[in-house]
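So you can see what is in the structure, the chains are spelled out below.
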Amino acid sequence: MSNGAVALTQPMPAGDIVVDGVVVQGTGGQWIVRTDGGARVIASLRGRLKQEGDEVLKLAVGDRVTMLVDPNETVGCTITRIHPRTSQLARRAPGGARGERVVVANLDQVLVVFAAARPEPHPRMLDRFLVIAEANGIAARIVVNKCDLVSKTEARALFADQAAAGYPVHYTSVHTGVGLDSLREQLAGRNTALSGPSGVGKSSLMNTLFPGLNLRTAAISDSVNKGRHTTVGAVLHPLPGGGFIADTPGLREVGLWGIEARDVAWCFPEFRPYLGECRFADCMHLVEPGCALRDAVERGEVSAARYDSFGRLLNELGE
Ligand SMILES: Nc1nc2c(ncn2[C@@H]2O[C@H](COP(=O)(O)OP(=O)(O)OP(=O)(O)O)[C@@H](O)[C@H]2O)c(=O)[nH]1
Ligand SMILES: [Mg+2]
Ligand SMILES: [Zn+2]
């Protein structure tokens, strides 16, 4: 067992088959695990998994696990170990419960999809998603889909500020096929959470990039989610060459939970060079005199639109 592993408190029975896999679905008692061999099995946790310091570690979609399969039983598989996480997207536990709920574990990146038109893109909403990704320590990648509806110049102008801030932007069209190969390259072998407003073409994109992926449709996810947002978890879609796409819930559900007001500026990567330079060490970069960030906005070194997004997010957190 490697360092950082979480072990069952009971001893392992002898004679069982040990299999590793990834949890792809489930929220409570029963979990669907895709084994490294490609099989889908139903698994449950026997007993409580404990971390050092007695903190109970809750299993989440995206976790890599080790299971015991008893060849003489038909009860399914028992999860005996949760492998250490590389990242987690977490939100407040639902229903007034204390603590956090991990929505997806082990994400390598989030993919935020907007349409160049129909529906109109929202840079503010994009910035909000980018901040949530930064706060959770997860890399973000932007897609401008439906590029067949606007000129190349118009498409590139939409999120020029975010591109200048260092975020990779893909310009795609499911209809013409533009940009699809390079996007597929960036998804293959990685664990990606899919985000973006309804109708921008997320399902169309994924089903075109990876035929057979079968992302759940808007109709199904709506009826499943109705009135019980707190109980519906993420669903992982394994990719043919490794990695997975995590369908909603994602960034939207996580929201700004757990982000401290004083950390918001840091979640705008292009603001970082200015953050230690203000007159007051505890500058919130809103109204204080001698604010290096506001000076940079005035000089045109930092985008006024991104600074505006920053102010709105701070206000939201202050409420
Ligand atoms: N013109 C154009 N239309 C597209 C493109 N991609 C998708 N569409 C259309 O946009 C509509 C919405 O596509 P979906 O893939 O269902 O969008 P979605 O983001 O999955 O929406 P939700 O599941 O509701 O979140 C469909 O009518 C698609 O045919 C594109 O590149 N260009
Ligand atoms: Mg969809
Ligand atoms: Zn400042």
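The model shown is predicted, which means the values in this text are computed figures rather than measured ones.

1. Some points on the overall build of the chain
Consideration 1: Tallying secondary structure elements over the chain gives 9 helices and 15 strands in all.
Consideration 2: For the chain, with 319 residues in total, the buried portion stands at 36%.
Consideration 3: Pairs at least 24 apart in sequence give 66% of the contacts found in the chain among residues at least 6 apart.

2. Looking at the environment of W266
Consideration 1: Its place among the elements puts W266 in the loop between helix 7 (251-254) and helix 8 (292-298).
Consideration 2: Put simply, W266 and A135 are 131 residues apart on the chain and 8.6 Å apart in space, counted from C-alpha to C-alpha.
Consideration 3: Once you skip the residues sitting within four places of it in the chain, W266 turns out to touch R272 and L275.

3. Side note on the site of ligand 1
Consideration 1: Residues in close proximity to ligand 1 total 15 residues, the closest being S198, G201, K202, S203 and S204.
Consideration 2: Of the residues forming the shell around ligand 1, the biggest block, 3 residues, is contributed by helix 5 (residues 202-209).
Consideration 3: Partitioning the shell around ligand 1 into residue classes produces 4 nonpolar, 8 polar and 3 charged.

4. Brief notes about helix 9 (residues 304-318)
Consideration 1: If you check helix 9, its first and last C-alpha atoms are 21 Å apart, about what 15 residues at 1.5 Å a residue would give, namely 21 Å.
Consideration 2: R306, Y307, S309, F310 and L313 are the residues of helix 9 that are buried. Mapping the buried residues of helix 9 onto a view down its axis gives an arc of 155°, with all of them on the same face. Within helix 9, the exposed residues directed more than 90 degrees away from the buried face are A304, N315 and G318.
Consideration 3: Against helix 1 (123-135), helix 3 (160-164) and helix 8 lie the buried residues of helix 9.

5. Some points on the pairing of strand 3 (residues 31-35)
Consideration 1: Where strand 2 (residues 17-25) and strand 3 come together, 4 bridges link them in antiparallel fashion. Along strand 3, the bridge assignment pairs Q25 with I32.
Consideration 2: Bridging between strand 3 and strand 4 (residues 40-45) involves 4 bridges; their strand directions are antiparallel. In the strand pairing of strand 4, R34 is matched with R40.
Consideration 3: In this antiparallel pair of consecutive strands, strand 3 and strand 4, the connection spans 4 residues, and G38 shows a positive phi of 100°.

6. A look at the packing of helix 1 against helix 9
Consideration 1: The N-to-C vectors of helix 1 and helix 9 enclose an angle of 65°; their axes lie 10 Å apart at closest approach. By the criterion of interaxial angle, the relationship of helix 1 to helix 9 is roughly perpendicular. The element helix 1 and its partner helix 9 pack so that their crossing is right-handed. On helix 9, the residues that touch P123, R124, D127, R128 and V131 of helix 1 are A305, R306, S309, R312 and L313.
Consideration 2: Among the residues making up the contact of helix 1 with helix 9, the classes are represented as 4 nonpolar, 1 polar and 5 charged.

7. Brief notes about the nonpolar core
Nonpolar side chains in soluble globular proteins generally cluster together in the buried interior.
Consideration 1: Ranked by internal contacts, the top residues of the largest apolar core, which has 76 residues, are V23, V33, V104, V110, V112, V144 and A246.
Consideration 2: With residues near it in sequence (within four places) discarded, V112 still touches L126, F129, A140, I142, S195 and G196.

8. A short note on the environment of L183
Consideration 1: Along the chain, L183 turns up in helix 4 (residues 180-187).
Consideration 2: For L183, a count of 22 C-beta atoms within 10 Å corresponds to the buried category.
Consideration 3: Taking the C-alpha atoms as reference points, L183 and H170, 13 residues apart in sequence, are found 6.7 Å from one another.
Consideration 4: Residues contacting L183, with those up to four places away along its chain left out, are V143, H170, T172 and L209.

9. Regarding unusual backbone geometry
Consideration 1: For the bond running from R118 to P119, omega is 0°, close enough to zero to count as cis.
Consideration 2: With respect to the element layout, P119 can be found in the loop between strand 10 (109-115) and helix 1.
Consideration 3: Positive phi, normally seen in glycine, also occurs at H285, with a value near 65°.
Consideration 4: In this structure, H285 sits in the loop between helix 7 and helix 8.

10. Regarding the environment of R85
Consideration 1: Note that R85 resides in the loop between strand 7 (77-82) and strand 8 (88-92).
Consideration 2: Sequence separation between R85 and R64 is 21 residues; the distance between their C-alpha atoms is 8.0 Å.
Consideration 3: Apart from the residues within four sequence positions on either side, R85 is in contact with D63, A105 and N106.

11. Description of the sheet that holds strand 13 (residues 191-195)
Consideration 1: What the 6 strands build is an open sheet, ordered 12-11-10-13-15-14; its pairing is mixed. The open sheet is flanked by strand 12 (169-171) and strand 14 (236-238), the only strands paired with a single partner. When the angles between neighbouring strand axes are averaged without regard to direction, this sheet yields 25°.
Consideration 2: Sheet strands touched by helix 1: strand 10, strand 11 (139-145) and strand 13. Its angle to strand 10, the strand with the most contacts, is close to 175°.

Calculation criteria
- Residues numbered from 1 in each chain as written.
- Chains lettered and ligands numbered in written order.
- Predicted model: local features only at pLDDT ≥ 70, side-chain atom pairs only at ≥ 80, totals over all residues.
- Helix = DSSP H or I, 4+ residues; strand = E, 2+ residues; numbered from the N terminus.
- Buried ≥ 20, exposed ≤ 12 C-beta atoms within 10 Å, placed from the backbone.
- Contact = placed C-beta atoms within 7 Å.
- Near = placed C-beta within 6 Å.
- Nonpolar A, V, L, I, M, F, W, Y, C, P; charged D, E, K, R; others polar.
- Expected span 1.5 Å × (residues − 1).
- Arc of directions from axis to C-beta.
- Pairing = 2+ DSSP bridges.
- Axes fitted to C-alpha atoms, helices over the stretch in contact; angles between N-to-C directions.
- Parallel < 35°, antiparallel > 145°, perpendicular 65-115°, else oblique.
- Left-handed = near helix turned anticlockwise from the far one by under 90°.
- Core = buried A, V, L, I, M, F, W, Y, C linked by C-beta atoms within 7 Å.

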